[in-house]
Structure formats: C-alpha cells, structure tokens
Amino acid sequence: MHIFSRRKKEVQSELQLLPVQEKERYDIFAALAKALLLFILVYGALGGFLSAFEIEYNKGLCMCLLFLLAVILSTAYETGKRWLTNLLSLGLFGFYLYIAISNYWIINSGYYAIMNAMFQKARDYLDITGGIEYSTVVQDEYSTVTLFVLFLGMVGIILFNIQMQTKCDFVDIAVLTFTPYIVPFYLECRPSMIYMILLFTGYVTVAIIQSGNVRKHLSGQMRRVLPLALLCVVLVIQLFAWIIPETMYNRAISESKLKTDSRDKVSELARYGMSALFQRTSNGGGMSGGMLSKGGAVMPNYETDLVVRYTPYSYDAVYLKAFTGKDYTGSKWTQAKEDGSEDGRMEKTVQSHIDAYTENSAEQGRGVMEIEYVGADVGYEYRPYYTDYENVVRRGICFIYTYYPGGKMYGLHEMVDEAYLSVPEACYEAVESVCKEQGFTGDATQIALQIVDFYENNYSYTLRPGFYYGNPDYISHFLLESKKGYCSHFASSATMLFRYMGIPARYVEGYAFSYSDVVDDGELVENAEYSAYFDGYSAMGETALVELEIPDAYAHAWVEIYIDGAGWIVVDPTPASTEEDTTSFWDAFANLGNEGGVPDLADGDIGQYLENAMDGMSYVFVIAIVLGGAFLVVRCILKIRRERKLSERERVQLSYEKLLQSLKHKNKEHFKLRTVAQQINCMRQTYGLVITQEQEQALYQVYFAPEIEYDCEKLRSELIKLRRQLYMAQRDKNA
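Residues numbered from 1 in each chain as written. Predicted model: local features only at pLDDT ≥ 70, side-chain atom pairs only at ≥ 80, totals over all residues. Heavy atoms only, no water.

**Here we look at the pattern of salt bridges**
Inspection of every chain in the model, using the stated rule, returns 11 salt bridges. Here Glu547 ties to Arg309 by a salt bridge, and the two come within 3.0 Å at their closest N and O atoms. Here Glu547, found in strand E15 (residues 546-551), pairs with Arg309, found in strand E3 (residues 304-310); they are 238 residues apart in sequence, far enough to count as distant. We classify Arg309 as buried; its relative accessible area is 11%. Of the charged contacts in the structure, one is a salt bridge between Glu381 and Arg383, with a shortest N-O distance of 2.8 Å. We classify Arg383 as buried; its relative accessible area is 18%. Put simply, Arg309, Glu370, Glu372 and Glu547 are held in one network by salt bridges that share partners. (Salt bridge = Lys/Arg side-chain N within 4 Å of Asp/Glu carboxyl O. Helix = DSSP H or I, 4+ residues; strand = E, 2+ residues; numbered from the N terminus. Buried < 20%, exposed > 50% of the residue type's maximum accessible area, 1.4 Å probe, protein only.)

This is the structure in structure tokens:
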C-alpha cells in the first residue's frame, strides 16, 4: 500500500506497513536536473573542443536538440518504469543508426572539416608551413559540422544516461568528457570559459553524488546538488583568476618534458593526418617525374629542397620548371627531350624575350636567380621561365640563371609536335564527355579561362584523394568519379582537355612559390645591390634581393599550352588554396626583424585576463547565479506551501517517509523490512537510534487508528531529529 493512503486499515495481530518502492508523485524538478547534468557534461566537452579551434556551427540548434534529448531520456527514467526507459533507448538507438546511414557523407564531411581545422591550428602552433588536408564531399562546413555535433552529442547523451542508471562513476565520466580537451591544451588553444564552467559543474555534481554512496534516486540528489555545484565552480574560477593572473600563470608553468619529447610525433600528425599513425602507403613530397601513384595521400616532409635568391618582379607565382611530359600512358608521363622537334625548353620564346630586352629594356626585364640544391632530386635542373640556356653558371651546389621574365606577346611561330595534340584511348571517352558537357568555346585564351573556372567550381583540391583500385587510367577516374586530387591530377587532366579542344598542351613539373610565400617566409639579403640581380621592366618597381627556402611541399605540376604568336605559356588549373597577397613589397618587408618582439604584459593582470578569457561571460555567470538562486527559492516556497496544505497526520507520514528513504539509501536490505516494528528495530540495532515505545505506538496510530493520542507536531519534530541522527551515525560508521 502507499504510505500516504488515507484508507483505514483494520488492526491485525501483526500490523503490516508496505515499504514505498515508488514515489508518490512525478518529480519534474528531478527529471530536469538529470537532463541538465547530461547536457552540460556532453555539450561542455563538445562545445569546449570546438570553441578552442574556433570552429563555427549552429550552437543554438545543437543546444536545443541535445537538451531536448536529455529531457526525454530523463523524464522516462524518472517514471521508474524500466520497460519504458529500455524501449525508449532502443528507439533512439534505431534512430541513431538511421541518421548514421542516411547522412553518412554529411557526417563524414563534418568530421573531416573539424580535423582540418585542428591540424591547421597544430601547424600554426608548430610553425609548419603546410600539411595534409582531408577532402570533404559536402562543402558546407557550417552545416556538416552542426550535424556531426548533433550526431556525436546524441551518442554521448545516450551513453551517459545508461551509465548513470547503473552507476554514477566520476572517473569514467571525467575520462570520457575531458579527453577532447587534451589536444587544444597541448596546442595552447583555450576553450571558451563558459564550456569549462559547464564541464566542471558536472564534475562537481557527480563527485558529490558519488561521495554520498547514492545508488537510488540519483536524479533526486542531482536537483539538490546541481545549483550548488554551479555556484561553487563559478566562485572558485573567479577566485583563482583574481589570485593568479595570466602573466603569473604563464611564468610559473613551463613546458613539460613529455610535451617536448612528443613534438616530433605531433608534428608528423599535423602534416600527414591520421595516416602518420599507420604504415604509409602514399607519395612523398618533391618531384614525381611524371608518375601518378595509387597512394592515398601526398605526404611531404617539409624539409628544404631548394634555396632561391632573387628579386621579386611580379605578384604572380614563380615557376621553376624541371620536367616536361609528352606522352601519357595511363599511369605516368614520358619526358620530352630538351632538343629537336619535342623541345621542352622553349628556346624560341626565350630568344624573343632576349631580343626585346636588347631593343627596349623599359618593356622587358632581365633578372639573375641563384638556386641552391639542398635536398631536391639532382636528376633534374630547376630553372625559372625564360632562362638563357647559354648563360648558366654553376658554383658547387648553386646554379646561377639569367632569365628574362615578363614582356608582351611576340610574333612567334614554330612547328609543334603532333604528340602535344594526342589524347590516348584510355582517357579519350572521359575527356570527350567533359568537353561536350561543358561546351568549351572560343580561342585558346578563352578556353584556358573556361577550363580553370571549370576546375575551380566543380573539383576539390586535397593532398588526400584516397586510394584507387579500379581502371589504371587516373585521368578518367579523376574527371568522372573522384573529382578531387592534387596538382598532378589537375594538370594531367587539363592537358588532355586542351588537346581535345585542339590546343597543343604538355604536362610540366617543378617547384612553384607565390608572392604570399615570399612575404611570409622570405628574408631580405643585406648588402646586395638590386642592379646586380635585376634590370629593366618590373611590374613591382625596384625591390630587393630576397632569399626563400623551398620545401618539398612546394613541388607542383601545371600545364603549358601553345598559342600561335605567343609561344608556350603557363596555365595552372589547380585551384588556389588561399587568396594571393598583393601587399606592397616594401610594406611587407618594412618591419622585418621586429616581428619577434616581446608583447607588453603590463596589462596581463586579472582585468585583462578576465577580459580575454571570459569576455562577455560575466553577465552569463550573474544570470546563472540569479537563476540558480531563484530556482532554489521557488522550490523551497513550493515545498513549504505543499506541506502546509497537508493535515497533521499527513505531515507526520511525510516525515516518517523521509526517514525510511534515508534508511533504504544506506542499505538495500532495508527494502525487505515490511512492518513498522521491523523498521524501528533495525534503526535501534544497526544505528543505535533511540526510539521509545510511546513513539512507536504513536506511529501505528498515525497510520491505522482513527484517533491519535500523541502530539503530531511533536512526533514530527522527533522524526526529523531521528533522521539527522541516522545521517550522523552513518557518517561515523564510514569514518
């Protein structure tokens, strides 16, 4: 029977008092408290990780849906009906599988977007110039990351809900939720403070509940502990910030030996992604000599291959040509000879530039470029375009080239080998399909622009295109199936598109660097005369000698097309990963030498620290504290009002019910006690509580007798004291 029932029972030889297994009424506050705890643990971990890497997603949608899921699970659990909780969990698990299968590519793209952002932060922190990028099928990162967060958050809430139904283990929960913070902390990327507060509030709540050895009615405990935990965490964080400002913390905390020893492995991860953890089946950096590998990724080591010294003369990229591809065999390019009809050197074009400089240097430039071979393949010679082939000087590992960049189109006409118009049968069908579908038209210059735009709008650049086990013709696979790849894929396929359109084209490999690379990584060479390295027309005006280290990641592939009257010109179909820097040369290099200055730490006290770490969050803290306090006040008021409406008999029953619940929480065996006599005897023998025969008889009268001889208010006060004594006895026993 229910302990609060008003139905009269006949007094038998042995009065029975059935223990209360279920709650009198549904506790909505307990359900909401548990839902809130699930939410702050899961979202505190996910949101903090994403905020550390400044990843954008729909925060409002994620918060609402994840909290709604937590409320659904918690309200079902609070009913005490196990079958309902299990049925709902199975239903949600089925829904989880449906989302995973039906939105696989979207979720996968969101995961890769997060990995790319994480690796980029790692490369910035470790000062790595480049690295691997995961390609995404769905390009809308905002939407894909949002769905991935919802997917992962849903998994976390379901798992934590199951974990809390069986046990509330602090260590398990902390390991699962704090592990994502290891990476941003290692890279010194700070999560937003609000997520840290959410997470630590959850930890404090779980720790308090676990310390009380509570195994039943966890949600009832959470509603009492959660507001207090939030208040304590906020106050402790604020106090810590006041006592230890950021500058003091940075000086006190030095880099650990473990972090120093792990830098090499972390650098490898930042460059190559998760492939660095496994056996590598991929291309290395540098030149490939026309080979198109089946490897799943290009994994350069970012070591220096060349050192270039030259005077910048244009904002356009600089190409150092080393390999000219003539015939495509389905898996590689054959190298064109450097003389005769195949002519991979563009001698006629070079001679026309030399003649133009001799006649009018105001329209044509002449430069000197020094290239040191450090780690590059010595089987190739890396020359800037329009090099005077008869005027090359070698000094050890350094080659000095005189070249004639810039200029205008000249009346060049030469015989072109028919091989540069040949499209092999292996890729002919794919090339024809693309050209007809896109409808390329116009002269060679117009078609070149159309092809570049075609790749820019329809294909993705990635160093990780994935393995290809099908037909060995990579061009067909790239054009029609994968539509993602690196420079060799773009250059090879574009060469065939040009040839199909009747424009002579050839595949070229070498090294390329942009003006942005020069600005970011170049160094001015002191005491070098500009006139000794450049003379004549320069689109940038007079600059200065710059030295730039060229890593193997700068190895590149592009296309040369022949235009009658202009000769061979460069077309680069590979989409640019970033916008080109067009900053003035002297604006870019004016402050060289000062970029390593020590920042002013005078303002790094508590005020600045709080402003940086908790900017705009103080209002949130205040609101959270006010809401928490209001919640407690409202709860107390409602509780008092409910109790005042009860009769004296019901108030005594309520007090005794609380005493029984405390008894049962201490030991599961107390659930088996069926009568008041058994329950009181247990309290006396196990915990030494003093309960008189008069009090025992009064309890029987409260539940079963029509009239009560004992003072109900006095009995209620005595029961409250017994409950306190029970708590103290249990505490002394544990101690």
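After that view of the structure, there is still more to cover.
**Structural notes on empty space enclosed by the protein**
Under the definition given, this model contains two cavities of 30 Å³ or more. Estimated volume of the largest cavity: approximately 50 Å³. Forming the boundary of the largest cavity are Tyr656, Leu659, Ile691, Gln695, Leu699, Leu715, Glu718, Leu719 and Leu722. Those elements that provide at least two residues to the lining of the largest cavity are helix H22 (648-666), helix H24 (693-704) and helix H25 (712-734). Take the lining of the largest cavity: its biggest share by element is four residues, from H25. Counted by class, the lining of the largest cavity contains seven nonpolar, one polar and one charged residues. (1 Å grid on protein atoms, 1.4 Å probe; cavity = no way out; pocket = protein on both sides within 12 Å on 5 of 7 lines; lining within 4 Å. Points joined across faces, edges and corners; volume = space filled by probe spheres on them. Nonpolar A, V, L, I, M, F, W, Y, C, P; charged D, E, K, R; others polar.)

**Notes on the pairing of strand E16 (residues 555-563)**
Most of E16 is tucked away, with nine of its nine residues classed as buried. On E16, burial covers both faces: Ala555, Ala557, Val559, Ile561 and Ile563 on one face and His556, Trp558, Glu560 and Tyr562 on the other are all buried. Two elements, strand E12 (residues 505-513) and E16, share seven bridges in a ladder whose sense is antiparallel. When the bridges of E16 are listed, Ala505 appears paired with Ile561. Sheet analysis places E16 next to strand E17 (residues 567-571), joined by five bridges and oriented antiparallel. Within E17, the position partnered with Val559 by the bridge is Val571. From the end of E16 to the start of E17, which pair antiparallel, there are three residues, and Gly565 there has a positive phi angle of about 100 degrees. (Pairing = 2+ DSSP bridges.)

**Let's talk about the packing of aromatic side chains**
All chains considered together, the criterion is met by 40 aromatic pairs. Look at Phe178 and Phe185: their rings are 5.9 Å apart centre to centre, the planes differ by 50 degrees, and that puts the pair in the tilted class. An angle of 80 degrees between the planes, with centres 6.4 Å apart, marks the rings of Phe323 and Tyr380 as edge-to-face. Linking Phe323 in strand E4 (residues 318-328) with Tyr380 in the loop between strand E6 (365-373) and strand E7 (383-384), this pair joins segments that are 57 residues apart in sequence. We classify Phe323 as buried; its relative accessible area is 2%. One aromatic cluster is present, built from ring pairs that chain together Tyr310, Tyr313, Tyr403, Phe513, Tyr530 and Phe534. Against the face of Tyr420 rests Arg506, its NZ or CZ located 5.5 Å from the ring centre. Taking the ring centre of Trp568 as reference, the NZ or CZ of Arg506 above it sits at 3.7 Å. (Phe/Tyr/Trp six-rings, centres within 6.5 Å; stacked < 30°, edge-to-face > 60°. Lys NZ or Arg CZ within 6 Å of the ring centre and 35° of its normal.)

**Concerning the side chain of Arg506**
Structurally, Arg506 can be placed in strand E12. A residue is classified by how much of its surface remains accessible, and Arg506, at 0% relative accessible area, is buried. Polar contacts involving the side chain of Arg506 include one to the side chain of Glu560, which spans 2.6 Å. (Polar contact = N/O pair within 3.5 Å; in protein donor to acceptor, adjacent residues only side chain to side chain.)

**Description of the nonpolar core**
One finds Leu320, Tyr382, Tyr455, Phe498, Tyr511 and Phe513 to be the most contacted residues of the largest nonpolar core, which totals 70 residues. Counting residues in each nonpolar core, the second largest holds 58 residues, with Leu38, Ile99, Val145 and Cys189 among its members. (Core = buried A, V, L, I, M, F, W, Y, C linked by side-chain atoms within 4.5 Å.)

**Focus: helix H13 (residues 347-359)**
Taking 1.5 Å of rise per residue, 13 residues should cover 18 Å, and H13 covers 18 Å from first to last C-alpha, within 8% of that figure. Against the buried residues of H13 lie E6, strand E8 (387-395), strand E14 (534-536) and E17. (Expected span 1.5 Å × (residues − 1). Contact = heavy atoms within 4.5 Å.)

Geometry only, nothing functional implied.
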